[in-house]
Amino acid sequence: MKNNTLLLKTLLISTSRINQIKYCRDSKKRKKAIGGIIGVIVIYAMLMFYSVSMCIGYGEYGIIDSTPIMCALTLSALAFFFTLFKTNGYLFNFKEYDMLMSLPFEAKTVAASKFLYMYVKSLPWHLSISFAMLAGYGYYAHPNFLTYPVWIVLTFFLPIIPMLVASFLGFLIARISAGFRKTNIVQTVLTFAFVLFCFSLRFFIEDMFRDDKVGQTLESISGATANAAKYYLPAGWFSDAVTKLSILDILLLLGVCVVLFAVVFHIVGNSYRNINSALKSHAAARNFRMKEQKKRSVVNAIAFKEFKRMTGSTTYMVNVGMGDILALLLGVITLIIGFEKIISTVMQGAPLTASMLQPAIPFIVYFCVGMMATTACSPSLEGKNYWILQSLPIEKKTIYQGKMLFNMYLNIPFAVLSIICLCISAKTPLLNSILYVVLGVLLCTFSTTWGCVCGVKHIKLEWENEVEVIKQGAAVAIYMLPNMFINMGLCVLVVFLGTKINHNLISLIFILITAMLSALSYKRVMSLAKK
């Protein structure tokens, strides 16, 4: 346990923003660290607000007693899925593997320390939800005073069981996939399925509030959570521990955490070196034959390199590919169901027709496709290999052009196909459809160039895990938030203008504006490349 603590402490210190603020002399890095802390605090505040709102709903409808079980299930679900999708980057195939394994520690000790690091990094998410629910539960239920310390202490142990289960499943997936060339395909498919499921929940929630089914739905959820606790025993143990102050349930929850931790990492430790070695190596086909090498331009070669980088990372592929998949699904579903039917279902009687919404088609598609640009994170993903690119006889602008070209290759086919499907379903005239496709392509161009501006301007080369730049990087946040909200405003604006001006004229105006913004962003990237 002492070795686990030592490794954990080292990992935390090396990645701590607070440590960077205290000791880093670079003012830019300190400002980025402060900005990152502020952004995370805002997210935690939003989670706490949502959790308190849920408790208010439970309290107003008289089912506040279901809060402990709901808290346990929520934390367990978050811990399970987030751990499952991060296992490949944290436990296996991580960057500092060679360095850690060269130290005088057992393999299971290294694996356990990486798990504890993952646990500590996700702990604030769990605490913000749990403590907020505790406040709501305390306000409405007026529990025994001992409920508060018991709830607080058990919150630290509740996520451990689902995280251990997810880690073990990740271990099995890695163990199975280690013999295949595409080791990340299983995790990628699971991640896509989970995220699509989360998006589908949105329509369920909207339907619930639209038809004033809140009370009925909350009661159904209360019964469902009670039934779930019968099958997922830790949720029942947590609920009985905080409501009935059951010593037996407290000991069961703590004991299972300790025993399961020891068992899982005893099993994982036996195959840890083999799995990582297999994941870091590349299989070669037995029937391999040397063929004529294809010639590519330097820009295309860099774009192809970025494609290989994306397909080799589950986190990267899911984050940059989810918007394209959603755009494709939107186009296909609209083509099957019908544009007017979808509009009438979504708008629920609002005075908007399909013809009025036609000018917004490129922006609706761009909302999905432009959700994430590879160029916002790809410069940072080079990490410590960035010096290799700089040592090559290639100019920086060529490197950035290759990265931008890859994003265009990735996004434009999905955008064009989705826009064509929407135009066919909405029965737009041919000239309008052509203009919408042109505007969609230019929006992808703007997404690419603006993302590259953010990625180069806020490049982060010192990171321990790719999650830090793909999900949590300043460049990604600066790209996504303004891009998303401005696009939503533009959807409303073009619909309004469509009632006053010819649709083709609107498209031409935005084609010119988007082309100009893309050119300015590209010029900015080229100027940054000279520094």
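Here the structure is a predicted model, which means the values were calculated and not measured.

This part is about the overall build of the chain. A count of helices and strands for the chain gives 24 helices and zero strands. When each of the 531 residues of the chain is scored for burial, the buried share is 47%. A separation of at least 24 residues holds for 83% of the contacts in the chain among residues at least 6 apart in sequence. Counting only carbon and sulfur atoms, one obtains 69% of the accessible surface of the chain, whose full area is about 27500 Å².

Backbone geometry at Leu245 places phi at a positive 55°, although glycine is not the residue there. Leu245 sits in the partly exposed class, given a relative accessible area of 25%. In this model, Lys427 sits at a positive phi of 60°, which is unusual for a non-glycine residue. Locating Lys427 in the fold gives a position in the loop between helix 20 (396-426) and helix 21 (430-457). You can call Lys427 exposed: its relative accessible area is 72%.

A cluster of basic residues, Lys28, Lys31, Lys32, Lys457, Arg524 and Lys531, forms a positive patch at the surface. Top element by residues in the positive patch is helix 3 (residues 27-60). It accounts for three residues. Within the secondary structure layout, Lys28 lies in helix 3.

Here we take up the packing of helix 3 against helix 6 (residues 107-141). Relative to each other, helix 3 and helix 6 sit at 30°, their axes nearing to 8 Å. By the criterion of interaxial angle, the relationship of helix 3 to helix 6 is roughly parallel. Handedness of the crossing formed by helix 3 with helix 6: right-handed. Note on element contacts: helix 6 touches helix 3 through Pro124, Trp125, Ser128, Ile129, Ala132, Met133, Gly136, Tyr137 and Tyr140, opposite Ile43, Tyr44, Leu47, Met48, Ser51, Val52, Met54, Cys55, Ile56, Gly59 and Glu60.

Looking at the secondary structure, you find Asn407 in helix 20. A relative accessible area of 0% places Asn407 in the buried class. A polar atom in the side chain of Asn407 sits 2.6 Å from the side chain of Thr448.

Moving on to the pattern of salt bridges. Should the charged atoms of two oppositely charged side chains come close, the side chains can pair. Counted according to the given criterion, the structure contains three salt bridges. Ionic pairing is found between Lys403 and Glu306, a salt bridge with its closest N-O pair at 2.9 Å. Pair noted here: Lys403 is in helix 20 and Glu306 is in helix 13 (residues 298-311), with a separation of 97 residues, a long-range link. Grouping residues by exposure puts Lys403 and Glu306 together as buried. The salt bridge partner of Glu395 is Lys397, with a shortest N-O separation of 3.8 Å. Accessibility expressed as a relative area gives 49% for Glu395, which makes it partly exposed.

Here we take up the packing of helix 20 against helix 24 (residues 503-529). At a closest axis distance of 8 Å, the pairing of helix 20 and helix 24 adopts a crossing angle of 140°. Taken as axis vectors, helix 20 and helix 24 run oblique relative to one another. The two elements helix 20 and helix 24 cross, and the hand of that crossing is right-handed. On helix 24, the residues touching Lys396, Lys397, Tyr400, Gln401 and Met404 of helix 20 are Tyr522, Val525, Met526 and Ala529. Across the contact of helix 20 with helix 24, the residue classes tally to six nonpolar, one polar and two charged.

In this structure, Thr514 sits in helix 24. Since its relative accessible area comes to 7%, Thr514 is described here as buried.

Our focus in this paragraph is the packing of aromatic side chains. Applying the stated criterion to the full structure yields seven aromatic pairs. Judged by centre distance (5.1 Å) and plane angle (85°), the ring pair of Tyr139 and Tyr140 falls under edge-to-face. By the ring-pair criterion, three or more aromatic residues cluster together here, those being Tyr137, Trp151 and Phe238.

Two residues of an α-helix separated by three or four positions point the same way, owing to the 3.6 residues in each turn. Given a rise of 1.5 Å per residue, 28 residues ought to cover 40 Å, and the 41 Å separating the end C-alpha atoms of helix 21 matches this to within 8%. Summarising burial for helix 21: 20 of the 28 residues are buried, a large majority.

Our next topic: a nonpolar patch on the surface. On the surface, Leu329, Val332, Ile333, Leu335, Ile336, Ile337, Ile420 and Ile424 cluster together into a nonpolar patch covering about 700 Å² of accessible area. Put simply, the parts of the chain that give the nonpolar patch at least two residues each are helix 14 (314-337) and helix 20. If one sorts the elements of the nonpolar patch by residue count, helix 14 sits on top with six residues. Looking at the secondary structure, you find Leu329 in helix 14.

It is worth spelling out the environment of Tyr479 at this point. Along the chain, Tyr479 falls in helix 23 (residues 474-498). Sequence separation of Tyr479 and Ala373 is 106 residues, and the distance between their C-alpha atoms is 8.2 Å. For Tyr479, the side chain forms a polar contact with the side chain of Ser447, separated by 2.6 Å.

Once that is clear, we can look at helix 20. Compared with an ideal rise of 1.5 Å per residue, which puts 31 residues at 45 Å, helix 20 spans 44 Å between its outermost C-alpha atoms and is within 8% of the ideal. Most pronounced at Asn411, the bend in helix 20 amounts to some 30°, and the proline Pro413 follows within four residues. In the segment just after helix 20, Lys427 is the residue with positive phi, at about 60°.

Glancing now at the confidence of the model for the chain. In the predicted model, the chain carries a mean pLDDT of 77, and 75% of its residues have values of at least 70. Within the model, the stretch residues 201-206 combines pLDDT values under 50 with one contact to residues more than four positions away or in other chains. Under a pLDDT of 50 for its full length, residues 208-218 has, in the predicted model, 15 contacts with residues more than four places off or in other chains.

Rules behind the numbers
Residues numbered from 1 in each chain as written. Predicted model: local features only at pLDDT ≥ 70, side-chain atom pairs only at ≥ 80, totals over all residues. Heavy atoms only, no water. Helix = DSSP H or I, 4+ residues; strand = E, 2+ residues; numbered from the N terminus. Buried < 20%, exposed > 50% of the residue type's maximum accessible area, 1.4 Å probe, protein only. Contact = heavy atoms within 4.5 Å. Areas by Shrake-Rupley, 256 points an atom, 1.4 Å probe, with all protein chains shown as cover. Patch = residues over 30% accessible without salt bridge, like charges linked within 9 Å, V, L, I, M, F, W, Y side chains within 5 Å. Salt bridge = Lys/Arg side-chain N within 4 Å of Asp/Glu carboxyl O. Lys, Arg positive; Asp, Glu negative; His and termini not counted. Charge placed at Lys NZ, Arg CZ, Asp CG, Glu CD. Axes fitted to C-alpha atoms, helices over the stretch in contact; angles between N-to-C directions. Parallel < 35°, antiparallel > 145°, perpendicular 65-115°, else oblique. Left-handed = near helix turned anticlockwise from the far one by under 90°. Polar contact = N/O pair within 3.5 Å; in protein donor to acceptor, adjacent residues only side chain to side chain. Nonpolar A, V, L, I, M, F, W, Y, C, P; charged D, E, K, R; others polar. Phe/Tyr/Trp six-rings, centres within 6.5 Å; stacked < 30°, edge-to-face > 60°. Expected span 1.5 Å × (residues − 1). Bend = angle between axes of the 7 residues up to and from the residue. pLDDT = per-residue confidence, 0-100.

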